[in-house]
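# Report on the structure
Okay, here's what each chain looks like letter by letter:
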Amino acid sequence: MSDEDNKFLVKILIFIFLIEMLLIIPWLPFAGLSAMAYDSGKIWPAVLLVGPFHAYPIFILISILLSIVFYKLKKIQLALTIAIVLPFVSGTWLFWAALVMQIYGTTSKGA
């Protein structure tokens, strides 16, 4: 791979990190609101749904650190893949958790 291709991939990597960091801003108020899922007590569907949502900044931090490590090892394509995949895992986990909650019922003990 040429230096020009590597420079382009590094620009993409930086762009992805900027987008991920900017997405934490709207995440903050929703993280506070999602804590209302525990109003009826800590039950497994609420933890299943809210846990990955609260872990989103941790996924971002892990993806940034791993991408930096692989960038230093001159594995830019792997760094780019990690930067895209790890935060995506948190979002898909929310989808599957919502699907499980629809199948097995609500988070409320009274329902």
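Residues numbered from 1 in each chain as written. Predicted model: local features only at pLDDT ≥ 70, side-chain atom pairs only at ≥ 80, totals over all residues. Heavy atoms only, no water.

### Remarks on the side chain of Glu-20
When you line up the elements, Glu-20 lands in helix 1 (residues 3-22). Buried Glu-20, no salt bridge; nearest opposite-charge side chain is Lys-72, N-O distance 18 Å. With sequence-adjacent residues up to four places away left out, Glu-20 is seen in contact with Tyr-56, Ile-60, Ser-63, Ala-83 and Pro-87. (Helix = DSSP H or I, 4+ residues; strand = E, 2+ residues; numbered from the N terminus. Buried < 20%, exposed > 50% of the residue type's maximum accessible area, 1.4 Å probe, protein only. Lys, Arg positive; Asp, Glu negative; His and termini not counted. Salt bridge = Lys/Arg side-chain N within 4 Å of Asp/Glu carboxyl O. Contact = heavy atoms within 4.5 Å.)

### Some words on helix 4 (residues 56-72)
Residues three or four positions apart in an α-helix share a direction because the helix packs 3.6 residues into each turn. The end-to-end C-alpha separation of helix 4 is 24 Å, in line with the 24 Å expected for 17 residues at 1.5 Å each. Within the sequence span of helix 4, burial applies to Tyr-56, Ile-60, Ser-63, Ile-64 and Ser-67. Down the axis of helix 4, the buried side of the element spans an arc of 100°, and every buried residue falls inside it. Along helix 4, the residues that are exposed and aim more than 90 degrees away from the buried face are Ile-58, Leu-61 and Lys-72. Just beyond helix 4, the residue with positive phi is Lys-74, at close to 65°. (Expected span 1.5 Å × (residues − 1). Arc of directions from axis to C-beta.)

Function-wise, these values are silent; they only describe arrangement.
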